[in-house]
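For reference, the chains in residue letters:
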Amino acid sequence: MLAEVSGASAVRRESAYSLRVTRTWHALLLAAALQGCSDAPSAPVLQGANYVAADALFSSDNLWVGADGAYSIDLGGERVLWLFGDTLIAKTPGSRKDAFFIRNSVAVQTGYDPTRAFIEFFWRQGDGSPRSFLVEKGDRWYWPSHGAMVDGTLLTFYEVVRTPSDCDAPEWCFEGAGYAAFTVNNHEASPRDWAYEPALLPAESTGDLQLGEAVIVEGDWVYVYGTRGDAHEIVLARFARERAAQGDLRAPEWYSGDRGFTHSGPALGLVRFGAPEFSVHYSAATGGYLMVQSEGFGATTLAARGAPRPEGPWSAPRDFLRPPESFDADAHVYAAKAHPELSADGLLVTYVPGDLYLPRFVKAVVP
């Protein structure tokens, strides 16, 4: 279906990912590294199945006709914010033919049960055409990461991306240029009226570190996971909760192994071979922290890791579903992550099949 879209890129970070790591060697290397490590926990056991009844949530608007990413944040009051990456906006309602292509969009879901909820999608308008919800800044654009509500303030993270100067096909070329974060204090209003205020960041926000892939708020701290390098090594920073609620992220404490959390770093790689997108949350069902991801690229599976604490140690990944699209000859499945705020008899997870270019739901349970 995406072949109908003129000039639209059907993929985002996963294109670079396919050139960097593959499912086979990264899983085997990590498993080997964990062998003999007495404090490495066992991988959580989940069973997953497609949850077709919920998929209609993302097909309810005849103008918003495709996207990837699909991070979610509980806004409270049965409202859930969805953050999407590259997005297709129809020129002709219900059709992807010659659709507009924008770099990000958002939606607000009302009701925690996706099979019964109402959802409304948002993007900007400019010069008579759709524009990204968080608009480009010069030659740089924003792909969403995760975020959280921190004492009444919505805190969101975005990856900053640019087109390399030597690129002949801008729709297919991109490189990371750091990360950004924003606060919203009027989140109870419609997103049309939101005021995105840039957060204060440390100097290293312009390097190869991508911070914000998963965010959890616990006690006096906001824990923020990130990735670095071609293998998406996973690192963890924490911020004082009071400062984070004010948009002040200038003083991260990095988890540095035996030294604990320190301002000086260097950050320890919690997972050497990670994923470009994932989620982390505390799971009462497994009795620990759960990291959900796509395991590799292409004909991938959905997998979960477990840990007793936010910093780990993290288990090796264990598959809980091979999506039906991964059995296709030209399989292109990515962007798996969990959405623990949603209501269902089990944990709801989404992934994106490249040919469909819409998130699909999975229900995962502990057998």
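Parameters and conventions
- Residues numbered from 1 in each chain as written.
- Predicted model: local features only at pLDDT ≥ 70, side-chain atom pairs only at ≥ 80, totals over all residues.
- Heavy atoms only, no water.
- Helix = DSSP H or I, 4+ residues; strand = E, 2+ residues; numbered from the N terminus.
- Buried < 20%, exposed > 50% of the residue type's maximum accessible area, 1.4 Å probe, protein only.
- Contact = heavy atoms within 4.5 Å.
- pLDDT = per-residue confidence, 0-100.
- Pairing = 2+ DSSP bridges.
- Axes fitted to C-alpha atoms, helices over the stretch in contact; angles between N-to-C directions.

As for the overall build of the protein chain
From N to C terminus, the protein chain includes 4 helices and 24 strands. With 367 residues in all, the protein chain has 57% of them scored as buried. Long-range pairs, those at least 24 residues apart, make up 57% of the contacts in the protein chain between residues at least 6 apart in sequence.

Examining unusual backbone geometry
A cis geometry characterises the amide bond from Gly-312 onward to Pro-313, with omega recorded as 10 degrees. Mapping Pro-313 onto the fold places it in the loop between strand E20 (301–307) and strand E21 (318–321). Phi at Ala-70 takes a positive value of approximately 60 degrees, unusual for a residue other than glycine. As for its position among the elements, Ala-70 is in strand E2 (residues 64–76). The phi torsion at Asp-127 lies on the positive side, around 55 degrees, for a residue other than glycine. Mapped onto the fold, Asp-127 is located in the loop between strand E7 (124–126) and strand E8 (129–131).

Comments concerning the confidence of the model for the protein chain
Overall, the predicted model of the protein chain reaches an average pLDDT of 89, with 88% of residues at or above 70. Here residues 1–38 is a poorly scored stretch, pLDDT under 50, and it has 87 contacts once near neighbours within four places are set aside; other chains count.

Points about the sheet that holds strand E19 (residues 288–295)
Pairing is antiparallel in the open sheet, where 4 strands are placed in the order E18-E19-E20-E21. Only two strands of the sheet have a single partner each, and these edge strands are strand E18 (278–283) and E21. Along the sheet, successive strands turn relative to each other by an average axial angle of 30 degrees, direction set aside. Pairing of E19 with E20, which is carried by 7 bridges, proceeds in the antiparallel orientation. Bridged to Met-291 within E20 is Arg-305.

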